[in-house]
Structure formats: C-alpha cells, structure tokens
Amino acid sequence: MAERIGAHAARPVPLHDEAARQEFVVSLRQYSGRVLGAGNYHVYKARVEPAFTRAKGRGPQSGMELREAMTADPFYQFWSAIHRNSQEMIWDSVIDTVERTLPETVAMAAAPQPLGSLRLDPALPIPRYNSVYDIHLQPGGYHTDQCENDIAAGAIYDLGVPIYSLQRMNSNTNANGVTMVHYFQTRYPQLRPLRILDLGCTTGNTTLPFADAYPDAEIYGVDLGAPCLRYAHARANALGKSVHWSQQNAEALDFPDDHFDIVVSTLLFHETSRTATLNIFSEIARVLRPGGVTAHFDGFHARSSEPIIEFLGLWEVDNNNEKFLLTLKKMDVVGINAQNGLANVRFDQTPYLTGLPQVSAKGKGYMAGGGFGDIDVLVGEKAL
Amino acid sequence: MTETTETVRLQRVPKGPKPQYFADPATDKLLTMVLELIGELSVARDRIDTLERLIEQAGLFTMADVDTYLPDEAVNTQRAERRARMLSRVFRASEKELDTIMDKVAEQEIETALD
C-alpha cells in the first residue's frame with residue numbers, strides 16, 4: 001500500500017496484515033461503488049420510477065423526492081448498508097497502523113521541523129459543524145487531540161483518503177492540488193503570486209503542489225485541526241517543502257486585509273454550515289489582494305438534473321455525515337461572492353488531473369461512472 | 001485528558017447517528033459481521049500467499065507442492081474433526097434449538113412410558 005500511494009518519511013508504514021486489510025477495503029469499495037452501485041440506477045428505472053409515477057401521477061422532480069422510495073427498495077437498502085460499512089472500515093483499517101506507530105510518529109512530528117512554520121491556538125473554539133458529529137465518519141474528526149502533540153487525525157486522513165478515493169488521487173493524494181494549480185497556471189498564467197492561502201488544508205496534500213508551482217511565493221495553510229496541522233508540518237518537511245501552517249477558523253482569519261494573491265480551497269465548504277460558508281466567503285474577499293484570484297473546488301451544484309442521479313449524489317448526506325453537502329447546493333455562491341465585491345465571479349471548467357486511467361462507465365449514478373472528467377471551479381477576482 | 005503515547009487507544013467509533021438500513025436491526029449487525037468476516041478471510045488469504053512466496057524464495061518447497069499436496073487418511077481425519085467442531089460452533093444457535101426440541105421429545109417419551 002505504501003508504494004502505491006507514494007510514501008513519505010512522515011507517513012506511518014503498515015505491517016503486512018494491516019496493509020492487506022486496507023487493500024481489502026479498497027477492493028470492497030471498488031466492488032460496492034462500481035459493480036453493485038451501478039445497479040441502483042437500473043433498479044430505479046425498473047421498479048422505483050414506475051411505482052412512483054403510478055402513485056403520484058407524475059415523475060419525480062428532485063432527488064430528495066426519491067428518498068423514501070429508494071430507501072425502501074431492498075436492492076438499494078442492501079447496497080447502501082454495504083457502502084456505509086465500507087466507509088467505516090476505511091478508518092478502522094488505517095487506525096490499526098496509526099495507533100501502533102503513534103509514539104514514534106508523534107515524536108517525529110514534535111522534533112524540530114526547519115522548513116516553514118506551525119502556529120497552533122489551543123484556545124480556538126471548534127465550531128459545532130465539526131464537533132457535533134464526525135465528518136465522513138472519521139473517528140475523532142479533524143480536531144480531537146487524543147494525546148499530547150497528537151498527529152493521529154492527520155495520519156488517519158493521510159492513510160484513509162487514498163482508500164476512499166480508490167487510489168485515484170495520485171501519489172501523496174495531491175490530485176486536487178495539482179488540478180487547482182493547473183487551473184491557475186492555464187487560466188491565469190500572468191499571475192506572479194507572492195502569498196498563497198489554502199483554506200481547510202488538513203494534511204497539506206492540496207497545499208504542497210502550490211509550493212512546487214510557485215517557488216517564489218510564501219505558502220500558507222489554515223485548518224481547525226491541531227493534529228492535522230502538526231502532521232502537515234512534519235509531512236511538508238519530509239517532502240522538502242516550506243509552508244506556514246496555522247490553526248484558525250476560516251470564518252475569522254487573523255491575516256490583514258489585501259494580503260494574498262491566491263486564496264484556494266478544495267472540498268472545504270461542503271463540510272461547513274451555511275453561516276460559516278457566508279463568513280468564509282467574506283473573509284476571502286477581505287484578505288484577497290487587489291489583482292488577486294480566488295478559486296474553489298467543491299460540490300457546489302448537482303452534477304445532473306436527473307432526479308435519480310441527484311439522489312445518488314446525495315448519498316453522503318444521510319450516510320456519511322456530510323450534512324452540509326445539500327446545504328451548499330442550495331446556496332447561490334456566485335451571487336454571494338459578487339455581493340462581497342469580487343469581480344468576474346463564475347464557474348470555470350478545468351480537467352481533474354489524476355495520473356491513473358479513468359474507469360469506464362458501467363452504469364450511471366454514484367461512483368458508477370468512474371472518473372471526474374472536467375470539474376467546476378468557483379472563481380472570483382479582486383479588482384485592482 | 002491526555003495519556004502518554006505508549007498507552008493510547010485511538011477512537012474507533014465516529015460520532016453521529018448511524019442509520020438503520022433494515023427493518024430488523026439484527027440484520028444490520030449481521031451484515032457488518034459478514035463484511036468483517038470477508039475482510040478477515042481476505043487478510044488471511046493474503047498472508048498465506050505471502051508465506052508461500054517467501055517459502056518458495058527460500059527454496060524450502062514450491063507453491064506447486066502446495067497445489068499438488070494430497071493429505072493422507074490421518075490428516076484428512078484430523079481435518080474432518082476440526083471442520084465438524086467448526087460447523088458446530090458456527091451453527092450453535094441451531095444446535096441449541098435442536099437440544100431444546102430433543103429434550104422435549106425425551107420428556108414426552110418418558111411421560112408416555114409412565115402412563
């Protein structure tokens with residue numbers, strides 16, 4: 001497993017049976033997501049849609065309308081239960097490795113890390129949208145310190161995300177960051193950023209590609225979770241990159257106005273509340289420098305208007321503690337950012353860059369279609 | 001409260017409500033058991049595969065030797081006894097049910113004999 005996902009010196013190395021279990025979970029999720037999951041669409045067409053239409057005298061108008069009928073269908077029920085179990089098993093399988101190696105990983109991260117910097121704030125309140133339940137079922141979430149100088153949340157994320165993404169996010173799980181860097185370099189090639197901010201940086205897997213792409217810039221990563229940031233700092237040093245990490249709530253940053261040339265986030269907003277999203281967008285408009293650009297990758301809108309596809313795309317809301325995925329889709333994020341004074345706010349398309357071949361579609365719906373293809377990026381600029 | 005890292009057991013259960021997927025919660029539990037068992041089997045199979053490869057590399061015997069191994073009668077008898085004990089454990093709920101039924105049958109026979 002370590003070779004397949006590009007190990008670095010800070011990442012715990014699984015023993016034989018731990019790696020075998022982690023590989024099993026990858027296989028299970030591939031099977032559940034692509035083989036069984038492809039059946040959900042066909043089951044819908046064969047029996048759920050006809051029954052719905054008979055009962056209501058019309059077809060469904062939204063994904064949420066299908067919730068009752070789909071969760072009562074035995075095939076979907078069984079698939080959904082398997083998929084939920086597989087998500088729990090991701091974390092359980094990697095926690096074995098993290099727990100066993102915890103003392104040495106903590107000691108490694110606590111040793112002097114010469115590149116970049118780390119600023120923690122033990123008094124920072126953890127907002128309810130992080131603390132009330134564990135996002136994507138990761139036990140302890142991003143923020144819980146389970147020992148002194150804890151790094152467990154970071155290591156668990158670093159080992160778990162490759163399983164979740166079926167090893168399609170490149171070595172060191174940096175595909176999201178590589179994708180966003182490519183977007184900036186192709187769409188804004190003239191930009192010479194001095195300071196770059198990555199919001200919700202977790203382990204820095206999306207942050208480090210910016211360090212590579214803009215060697216003259218100062219790179220900053222912000223996150224709520226201290227154990228993630230300690231791990232990120234050690235991970236960046238192991239990979240030879242300099243980043244300034246700080247534990248902050250993106251809703252209230254301590255950076256001055258007009259400070260960053262680039263502000264980026266990947267998969268941040270669907271894990272924050274509606275109010276938090278509004279606050280974070282305000283902060284971005286404040287800290288962005290005139291002439292700067294902000295871009296975000298997240299599930300801002302449904303990938304399809306077909307109700308069954310929309311429904312399957314919302315599986316994570318009810319089954320993976322991603323409650324705000326639906327909230328985010330209802331927000332007019334373009335309008336909000338325009339009202340905050342950003343210029344040229346829109347969605348651009350950019351290719352999702354993963355080094356692995358795209359999986360061919362076996363069906364439609366949740367995960368069955370394989371690769372992302374082009375993704376939507378929310379973009380805004382601050383006028384000079 | 002923090003503990004020394006030597007004794008830390010990390011959290012295993014995520015906070016938040018777990019959906020019930022089936023009408024009977026026992027079914028949810030059984031599915032979890034089955035999936036975990038498949039995982040255990042998968043890990044064991046991988047380990048066996050590793051052992052065979054390392055043994056072959058070390059020149060002790062080959063995987064072909066394993067494929068063509070035919071146990072003799074003594075080994076087969078031992079294995080059959082092990083399988084029977086395993087099946088008894090796997091089906092112990094049914095065995096208990098059967099014991100209860102047979103106890104009742106025995107009671108009936110005794111009563112009939114005493115009439």
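Residues numbered from 1 in each chain as written. Chains lettered and ligands numbered in written order. Predicted model: local features only at pLDDT ≥ 70, side-chain atom pairs only at ≥ 80, totals over all residues.

Novice: How would you sum up the overall build of chain B? Please name residues and give values.
Specialist: When helices and strands are tallied, chain B shows 4 helices and 0 strands. Secondary structure elements in chain B, listed N-terminal to C-terminal, are α-α-α-α. Taken over C-alpha atoms, the radius of gyration comes to 24 Å for chain B, far larger than the 13 Å a tight globule of 115 residues would show. Principal-axis analysis of the C-alpha atoms places the extent of chain B at approximately 75 × 55 × 30 Å. A buried classification covers 5% of the 115 residues belonging to chain B. (Helix = DSSP H or I, 4+ residues; strand = E, 2+ residues; numbered from the N terminus. Rg over C-alpha atoms; globule rule 2.2 N^0.38 Å. Buried ≥ 20, exposed ≤ 12 C-beta atoms within 10 Å, placed from the backbone.)

Novice: I'd like a rundown of the domain arrangement of chain A, residues and numbers included.
Specialist: All names here are of chain A. Splitting chain A by domain gives domain 1 (16-113 + 128-156) and domain 2 (172-381). Computed from C-alpha coordinates alone, the two centres of domain 1 and domain 2 are separated by 21 Å. Domain 1 puts 39 residues into the contact, and the matching count from domain 2 is 37 residues. Of all the secondary structure elements, the ones that give two or more residues to the side of domain 1 that touches domain 2 are helix H1 (16-36), helix H2 (38-56), helix H3 (67-72), helix H4 (74-100), helix H5 (102-110), helix H6 (128-131) and helix H7 (152-164). A total of 5 residues in the side of domain 1 that touches domain 2 trace back to one element, the largest contributor, which is H2. (Domains from an automatic or database assignment. Contact = placed C-beta atoms within 7 Å.)

Novice: With reference to specific residues and values, describe the nonpolar core.
Specialist: Residue and element names in this part refer to chain A. Of all hydrophobic cores here, the largest spans 83 residues; its most connected members are Val-98, Ile-156, Val-263 and Ala-295. The greatest single-element share of this core, amounting to 9 residues, is contributed by H7. Mapped onto the domain boundaries, this core takes at least three residues apiece from domain 1 (16-113 + 128-156) and domain 2 (172-381). The residues contacting Ile-156, other than those within four sequence positions of it, are Trp-91, Val-94, Ile-95, Val-98 and Gln-138. (Core = buried A, V, L, I, M, F, W, Y, C linked by C-beta atoms within 7 Å.)

Novice: Provide a residue-level description of the sheet that holds strand E8 (residues 374-381) of chain A, including the pertinent values.
Specialist: Residue and element names in this part refer to chain A. In spatial order, the strands read E1-E4-E3-E2-E5-E6-E8-E7; together these 8 strands make up an open sheet with mixed pairing. Two strands close off the open sheet at either side, each with one partner strand: strand E1 (117-119) and strand E7 (343-351). Neighbour-to-neighbour, the strand axes of the sheet open up by a mean angle of 20 degrees, direction not taken into account. Where strand E5 (residues 260-266) lies against strand E6 (residues 288-297), 6 bridges are found, and the strand directions are parallel. When the bridges of E6 are listed, Val-263 appears paired with Thr-294. Together, E5, E6, E7 and E8 form the strand contacts of helix H8 (residues 175-187), whose direction differs from that of E6 by roughly 135 degrees. (Pairing = 2+ DSSP bridges. Axes fitted to C-alpha atoms, helices over the stretch in contact; angles between N-to-C directions.)

Novice: Which residues make up the packing of H2 of chain A against H4 of chain A, and what values do they have?
Specialist: All names here are of chain A. At their nearest, the axes of H2 and H4 sit 9 Å apart, and the two run at 160 degrees to each other. Taken together, the axis directions place H2 and H4 in an arrangement best described as roughly antiparallel. Note on packing geometry: the crossing formed by H2 with H4 is left-handed. Residue-level inspection shows Gly-39, Asn-40 and Val-43 of H2 in contact with H4, the latter providing Phe-75, Tyr-76 and Trp-79. Taken together, the residues of the contact of H2 with H4 sort by class into 4 nonpolar, 2 polar and no charged. (Parallel < 35°, antiparallel > 145°, perpendicular 65-115°, else oblique. Left-handed = near helix turned anticlockwise from the far one by under 90°. Nonpolar A, V, L, I, M, F, W, Y, C, P; charged D, E, K, R; others polar.)

Novice: Can you explain the environment of Ser-88 of chain B? Please cite residues and give values.
Specialist: Examined against the element boundaries, Ser-88 of chain B turns out to sit in helix H3 (residues 73-90). Taking C-alpha positions, Ser-88 of chain B is 22 Å from Gly-39 of chain B, a pair spaced 49 residues apart along the chain.

Novice: Break down the environment of Ile-156 of chain A for me, with residues and values.
Specialist: All names here are of chain A. Examined against the element boundaries, Ile-156 turns out to sit in helix H7. Assessed through the 28 C-beta atoms surrounding it within 10 Å, Ile-156 is described here as buried. Considering only alpha carbons, one finds Ile-156 and Arg-11, 145 residues apart in sequence, at a separation of 9.6 Å.

Novice: Please give an account of the interface of chain A and chain B that cites residues and values.
Specialist: If you look at the interface, chain A gives 33 residues, while chain B gives 26 residues. Elements with a contribution of two residues or more to the side of chain A that touches chain B: H1, H4, H5 and helix H13 (315-319) of chain A. Take the side of chain A that touches chain B: its biggest share by element is 11 residues, from H4 of chain A. Taken together, the residues of the side of chain A that touches chain B sort by class into 15 nonpolar, 9 polar and 9 charged.

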